[in-house]
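# Per-entry structural report
One-letter residues, chain by chain:
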Amino acid sequence: MVYHASPARYESMEYRRCGRSGLKLPAVSLGLWHNFGDTTLLENSRQLLRRAFDLGITHFDLANNYGPPPGSAELNFGRILKEDFLPYRDELIISSKAGYTMWDGPYGDWGSKKYLVSSLDQSLRRMGLEYVDIFYHHRPDPDTPLEETMAALDLLVRQGKALYIGLSNYPAERARQAFEILNQLGTPCLIHQPKYSMYERGIEAQLLDTLAEHGVGSIAFSPLAGGQLTDRYLHGIPEDSRAASGSRFLNPEQLTEEKLAQVRALNALAQRRGQKLSQMALAWALRGDRVTSVLIGASKTSQIDDAVGMLQNRDFSPQELEEIEKILM
Ligand SMILES: NC(=O)c1ccc[n+]([C@@H]2O[C@H](COP(=O)([O-])OP(=O)(O)OC[C@H]3O[C@@H](n4cnc5c(N)ncnc54)[C@H](OP(=O)(O)O)[C@@H]3O)[C@@H](O)[C@H]2O)c1
């Protein structure tokens, strides 16, 4: 069926300025790490993207290696884009990344100019795009001079293959050095993509201050800790869940009794607030102004509904924040 985006798509979303840039991002963005590769039915992936866009999620996040197999998420996204979303291209922020192992040999990994330039060319071909809106270096490379990696990102912007530049998984000090090089080159960094959730709070120590100082926005990935901060695992491990899928990022051993006791306590608090745990976890990650957008994954359209529904109840009382700290201790 031909897709016509919902005329109400801009009514339920909040758009937040990304650092000191001109770009606004939706408070909720959708990542294509899981559920867009060749092991997922294309029709399911299509429904996820349609529902997201109908609810005002204008930002879709990809990477060269998303799949499985690596590259297939971009290929499948490219097909859905061509069939459903081409009339809406200018309403979308599409990102990709390079930095993890993508192809054999010394030029398919890390942060050399050789890798980044050829990888973005490949990503553009897979997605059928002339440019991405944001191109990220996916992880810091301890061996390539930072100047080379940043110059490659700057080059890609000058070539018109990316509009903005982002960094992911860079610790605070390395990020600061990179921002300074990018500023000198005249291509300021738009955004940092760190892991952040109630269970992964490393960025609170320093990175968030560094981003604020440099006017760089942030998009928090895995804000639901891969599904742990939801009601998914309250009554065992469902067959269709990520923890049952053999993922090396979330396995049944991680769901310890201690963790589940925390999840139950958080769930009870969310219920008292009149929302789902997943919604409370997203609202918590967005509290204050320091995180621009939460970058969720979804296997079902109802999970996208939940995420956007969170915007109805985003505020916390000091007592609620304190209770969360106590539960997480
Ligand atoms: N830069 C990086 O290095 C990096 C690394 C990882 C991820 N990312 C980005 O971040 C995105 C999100 O990562 P993520 O998928 O780990 O995020 P997440 O939002 O923490 O976890 C998503 C998973 O949680 C479950 N879920 C979501 N909403 C739910 C709800 N309302 N109720 C119950 N369960 C729910 C689903 O799992 P089920 O499958 O069990 O339904 C879903 O696939 C990725 O797609 C990618 O774009 C970036």
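Residues numbered from 1 in each chain as written. Predicted model: local features only at pLDDT ≥ 70, side-chain atom pairs only at ≥ 80, totals over all residues.

Turning next to the overall build of the protein. Looking only at helices and strands, one finds 10 helices and 10 strands in the protein. Against the compact-globule benchmark of 20 Å for 329 residues, the protein has a radius of gyration of 19 Å, which places it among compact chains. Summarising its shape, the C-alpha atoms of the protein cover approximately 50 × 50 × 40 Å along the three principal directions. Expressed as a percentage of its 329 residues, the buried residues of the protein come to 43%. Taking the intrachain contacts of the protein between residues at least 6 apart in sequence as the baseline, contacts between residues at least 24 apart amount to 76%. (Helix = DSSP H or I, 4+ residues; strand = E, 2+ residues; numbered from the N terminus. Rg over C-alpha atoms; globule rule 2.2 N^0.38 Å. Buried ≥ 20, exposed ≤ 12 C-beta atoms within 10 Å, placed from the backbone. Contact = placed C-beta atoms within 7 Å.)

Okay, the nonpolar core next. Membership of the largest hydrophobic core comes to 87 residues, with the highest contact counts inside it found for Ile 134, Phe 135, Ala 281, Ala 285 and Val 294. When residues of this core are assigned to their parent elements, the largest contribution, eight residues, is made by helix H8 (residues 277-286). Those residues within four positions of Val 294 in sequence are excluded, and the remaining contacts are Ala 27, Val 28, Ala 220, Pro 223, Leu 282, Ala 285 and Leu 286. (Core = buried A, V, L, I, M, F, W, Y, C linked by C-beta atoms within 7 Å.)

Along the chain, Gly 67 connects to Pro 68 via a cis peptide bond; the corresponding omega equals 0 degrees. When you line up the elements, Pro 68 lands in the loop between strand E4 (59-61) and helix H2 (72-85). Here the amide bond leading from Pro 68 into Pro 69 is cis, since omega sits at -10 degrees, within 30 degrees of zero. With respect to the secondary-structure elements, Pro 69 resides in the loop between E4 and H2. Its identity as a non-glycine residue notwithstanding, Trp 110 has a phi of 65 degrees, on the positive side. Tracing the sequence through the fold places Trp 110 in the loop between strand E5 (93-98) and helix H3 (113-127).

Running from N to C, helix H5 (residues 172-185) and helix H6 (residues 207-214) point in directions that differ by 15 degrees, and their axes come no closer than 9 Å. By the angle between their axes, H5 is roughly parallel relative to H6. Taken as a pair, H5 and H6 cross one another with a handedness that is right-handed. Here Ala 172, Ala 175, Arg 176 and Phe 179 of H5 come into contact with H6, specifically with Leu 207, Thr 210 and His 214. (Axes fitted to C-alpha atoms, helices over the stretch in contact; angles between N-to-C directions. Parallel < 35°, antiparallel > 145°, perpendicular 65-115°, else oblique. Left-handed = near helix turned anticlockwise from the far one by under 90°.)

The next point concerns the pairing of E5. Burial analysis of E5 places six of its six residues in the buried class, the great majority of the element. Here E5 shows no split at all, with Ile 93, Ser 95 and Lys 97 on one side and Ile 94, Ser 96 and Ala 98 on the other all buried. Sheet topology places E4 next to E5; three bridges connect them, and they run parallel. Of the residues in E5, the one forming a bridge with Asp 61 is Ser 95. Taking the sense of rotation as the criterion, the β-α-β connection linking E4, H2 and E5 turns out right-handed. The pairing of E5 with strand E6 (residues 132-137) spans four bridges and is classified as parallel. (Pairing = 2+ DSSP bridges. Right-handed = clockwise from strand over helix to strand, strands pointing away.)

The environment of the ligand is made up of 29 residues, and the closest members are Gly 31, Trp 33, Leu 224, Gly 227 and Gly 297. Listed by contribution, the elements that provide at least two residues to the shell around the ligand are strand E10 (293-296) and helix H9 (301-309). By residue class, the composition of the shell around the ligand is nine nonpolar, 15 polar and five charged. (Near = placed C-beta within 6 Å. Nonpolar A, V, L, I, M, F, W, Y, C, P; charged D, E, K, R; others polar.)

Attention shifts here to the pairing of strand E9 (residues 217-221). Along E9, five of the five residues are buried, which leaves the element largely enclosed by surrounding structure. On E9, burial covers both faces: Gly 217, Ile 219 and Phe 221 on one face and Ser 218 and Ala 220 on the other are all buried. Bridge analysis of strand E8 (residues 189-193) against E9 gives two bridges, and the strand direction is parallel. The residue of E9 that forms the bridge with Ile 191 is Gly 217. Relative to E10, E9 runs parallel, the two being bridged by three bridges. Note that in E10 the partner of Ala 220 across the bridge is Val 294.

Our focus in this paragraph is the UniProt feature "domain: NADP-dependent oxidoreductase" (unreviewed entry) in the protein. UniProt records the feature "domain: NADP-dependent oxidoreductase" (unreviewed entry) at residues 28-327, using the numbering of this structure. End C-alpha to end C-alpha, residues 28-327 measures 25 Å, and it is 41% helix and 13% strand. (UniProt positions renumbered as here; feature names shortened; annotations may be inferred.)

Pairing in this closed barrel of eight strands is parallel, and the strands run E3-E4-E5-E6-E7-E8-E9-E10 around the ring. With direction set aside, neighbouring strand axes in the sheet form an average angle of 30 degrees. In terms of strand pairing, strand E3 (residues 28-31) meets E4 through two bridges, oriented parallel. Note on E4: the bridge partner recorded for Gly 31 is Asp 61.

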